[in-house]
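Coordinates in review
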Amino acid sequence: MVLEATMICIDNSEWMRNGDYSPSRFQAQADAVNLICGAKTQSNPENTVGVLIMAGKGVRVLVTPTSDLGKILACMHGLEVGGEMNLAAGIQVAQLALKHRQNKKQQQRIIVFAGSPVKHEKKMLEMIGRKLKKNSVALDIVNFGEEDQEKTEKLESLLAAVNNNDTSHIVHVPAGPNALSDVLISTPIFTGDGEGGSGFAAAAAAAAAGGVSGYDFGVDPNLDPELALALRVSMEEERARQEAAAKKAAEDASKQGGEQQAGSQEASSQDATMTERASASTSEAENKTTDLMDDENALLQQALAMSMDEPAVVHDVKDTDMSEASVDDPELALALQLSVADSTKDQASQSEVLADQSAVSDILASLPGVDLNDPSIKDLLASMQNKSEPQQKNDDKSSNEDKK
Amino acid sequence: MACLHDHSCEDHDCSSDWSLYKHIDLDKVSALNEATTGSVKSVFKAWEHRLNTSGEHLESNEGDPELIVFIPFTSDVKIKSISIVGGADGTSPSKMRAFINRDGIDFSDAQSMQAVQEWDLAENMQGVLEYQTRYSKFQSVGNITLHFPDNFGGDTTKIHYIGLKGEATQLKRDVVATIVYELMPNPSDHKTRAETGGGFSHVE
């Protein structure tokens, strides 16, 4: 929570058109800048951040240090790539901008994105570094883009000249699959000299790490044990409920639309747990003071995806249930098979099963609470019988056609 | 102007004269171009310990003798004179420039601005030299900035003790110490007299 005024120096030279960082070096840089601005303003509400460009027509301050994040993001919009970077002038202008900050109590920091080759002499950079150190300005250097032994040496010597008690850092980001912002999140530039980091940075890091390593439910149990536990408990509850519902469905197998009922029941119960989960995750997010937008979105997406996929899930559960049940009770297994067969609309097998009137009546007799003399059940049996006959006829016809 | 003590210090209690260090706001003391952050606080101590060179002291960065020391006070003070004990072997400062009641002076400001008063210092290893101020200009000092642009040829500048003689006025500068920020207005905090069931409003 250090009170700090930061100036970010952006490299918008021609070298930034290269696409070795996706989508382009300049775009990756812009994303990183946005992230840094967010992190700085989050860690202390009185922090200010300013932005200047080092290339283009010349060094130009886009926005003087301000705590208004919207202003900073707006000025990043519509930046043009072109020209050559002037590192020395950029740092000196940044120092001047910081000198005229409104709140003199803020510590001064400059963050430089050095993408293109450095054309200044090492001595000149060291002199600039010493001047920064003398005026107690910290400097963070992000070395990305062009990889050049000489450039690295110059930047390292600049850092050595500025560094006072490890307040300044340098980060080398080679081109690769990871985005520039993701690499920077774990560096001291974000975590603020190892104080333990702002909540924003930590949450963003966790979200990135969680996505890569694939925790259950996409939530790090270390970061948020309550949410992870709630998700796990609700998943187990849902599974138990589905098993109970499947058994109930087997009992109601003969009743017209019984399966549909069970199916819709399960669907609605699953929807309920999905929304519960989503609301639990949103309330957790709200409780936290930091903005976990990434986490929340990921969870909601997951919830939506799961509810979309729920028919398949229901089937999977039923299949597992069947394998469990078949060992115990062959009649129950048959009933389950019947219910599954109905939902998959497998006409042929269904008609075969239904046609076996004796088997059906046996099943019905074995089920508790079902009275064969009940008129509704008699009607049902009759209708099933009628249905099976035309179906058989259709099947014969279709098989004949196939043979032809 | 330097003055030597014309009495032996055992008779006269010098330390009570040099007690302005008690009115310094030590937390907010800062220095520019110091080698170790925070070492500047060690130079403000009692008169008896001014020659104690074994502990921490203020040292500038290698190869750069310039130093700026910012000293805020807890209340307005009147400064009569200043005493500086420097280091040996040419590391003592040779010049001193003072600025009054200015915040956030850095090296470029110090070089361009006109100082309130400037002194040429001598090496003061025994700690008996004191430099008098133009008292009329140092009547209500909330903070003072001392700029030491040069030394006697050493690689760095070392200062072991800065003493201030004068009196404290008990007057505080108008500083708002605690501010409660209100992100959203809370109506209960802003009850008008009418709402509390109140009195007659009168227009004068």
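Residues numbered from 1 in each chain as written. Chains lettered and ligands numbered in written order. Predicted model: local features only at pLDDT ≥ 70, side-chain atom pairs only at ≥ 80, totals over all residues. Heavy atoms only, no water.

**Description of the overall build of chain A**
Basically, it comes down to this: In this description a helix means any DSSP run of H or I spanning at least four residues, a strand means any run of E spanning at least two, and both kinds are numbered starting from the N terminus. It only takes one pair of heavy atoms within 4.5 Å for two residues to be counted as in contact. Residue exposure ignores everything except the shown protein chains as possible cover, and the areas themselves are Shrake-Rupley values with a 1.4 Å probe.
Tallying secondary structure elements over chain A gives 16 helices and six strands in all. When contacts within chain A are restricted to residue pairs at least 6 apart in sequence, long-range pairs at least 24 apart make up 72% of them. Summed over its atoms, the accessible surface of chain A is roughly 20700 Å², and 52% of this surface lies on carbon and sulfur atoms.

**Observations regarding the overall build of chain B**
Counting its regular elements, chain B contains two helices and nine strands. The helix and strand sequence of chain B, counted from the amino end, reads β-α-β-β-β-β-α-β-β-β-β. Sequence-distant contacts in chain B: of pairs separated by 6 or more residues, those separated by 24 or more amount to 80%. For chain B, the computed accessible surface area is about 11400 Å², with 50% contributed by carbon and sulfur atoms.

**Some details on the sheet that holds strand β4 (residues 107–114) of chain A**
Strand pairing in a sheet relies on backbone hydrogen bonds, with the paired strands running either antiparallel or parallel. Residues and elements named next belong to chain A. Note the cut-off: Here, a strand pair is defined by DSSP locating no fewer than two bridges between the strands. Note on definitions: angles span 0 to 180 degrees between N-to-C directions of axes, and those axes are lines fitted to C-alpha atoms, for helices only across the stretch in contact.
Across the sheet, six strands lie side by side as β3-β2-β1-β4-β5-β6; this open sheet has mixed pairing. Each edge of the open sheet carries a strand with a single partner, namely β3 (60–66) and β6 (169–172). Taking the axes of each pair of neighbouring strands and ignoring which way they run, one obtains an average angle of 10° across the sheet. The pairing of strand β1 (residues 4–10) with β4 spans six bridges and is classified as parallel. Looking across to β4, one finds that Met7 is bridged to Ile110. Helix α1 (residues 25–43) contacts β1, β2 (48–53) and β4 of the sheet and is inclined by roughly 175° relative to β1. Here helix α2 (residues 69–76) sits on the sheet in contact with β1, β2 and β3, set at roughly 165° to β3.

**Considerations on the pairing of strand β5 (residues 137–143) of chain A**
Residues and elements named next belong to chain A. We apply this condition: Note on exposure labels: buried denotes an accessible area under 20% of the residue type's maximum, exposed denotes more than 50%, and partly exposed covers the range between, all computed with a 1.4 Å probe on protein chains only. Every crossover in which the path from the first strand over the helix to the second runs clockwise, viewed with the strands pointing away from the viewer, is termed right-handed.
Across the seven residues that make up β5, a large majority, seven, are buried. Of the two faces of β5, both are covered, the one formed by Val137, Leu139, Ile141 and Asn143 as well as the one formed by Ala138, Asp140 and Val142. As a crossover connection, the stretch from β4 through helix α4 (residues 122–134) into β5 is right-handed. One ladder, built from four bridges, connects β5 with β6; its direction is parallel. Looking at the pairing, Asp140 lines up with His169 of β6. In this view, the connection linking β5 to its parallel neighbour β6 by way of helix α5 (residues 149–162) has right-handed handedness.

**Quick look at the confidence of the model for chain A**
All names here are of chain A. Condition: On a range of 0 to 100, pLDDT expresses the predictor's confidence in each residue.
Residues of chain A with pLDDT of at least 70 account for 60%, and the chain-wide mean is 75. Long-range and interchain partners of residues 311–327, a stretch whose pLDDT sits below 50, account for 17 contacts in this model, where long-range means more than four residues apart. Note that pLDDT drops below 50 for residues 395–399; the model gives that stretch two contacts with residues more than four away or on any other chain.

**Focus: the packing of aromatic side chains**
Heads up, the condition is: Each Phe, Tyr or Trp ring (for Trp, its six-membered ring) is paired with any other whose centre lies within 6.5 Å, and the angle between the two planes then decides the class: stacked below 30 degrees, edge-to-face above 60, tilted in between.
Here the structure, examined in full by the defined rule, presents four aromatic pairs over all chains. With a centroid separation of 5.8 Å and 80° between ring planes, the pair formed by Tyr21(A) and Phe144(A) is classed as edge-to-face. Separated by 123 residues along the polypeptide, Tyr21(A) in the loop between β1 and α1 and Phe144(A) in the loop between β5 and α5 bring together distant segments of the chain. Accessibility classification places Tyr21(A) together with Phe144(A) in one group, the buried group. Taking 6.3 Å as the distance between ring centres and 65° as the angle between the ring planes, the aromatic pair formed by Trp47(B) and Tyr161(B) counts as edge-to-face. Placement of the pair is Trp47(B) in the loop between β2 (30–32) and β3 (58–59) and Tyr161(B) in strand β9 (residues 158–168), with a sequence separation of 114 residues. Exposure class is identical for Trp47(B) and Tyr161(B). Each is buried.

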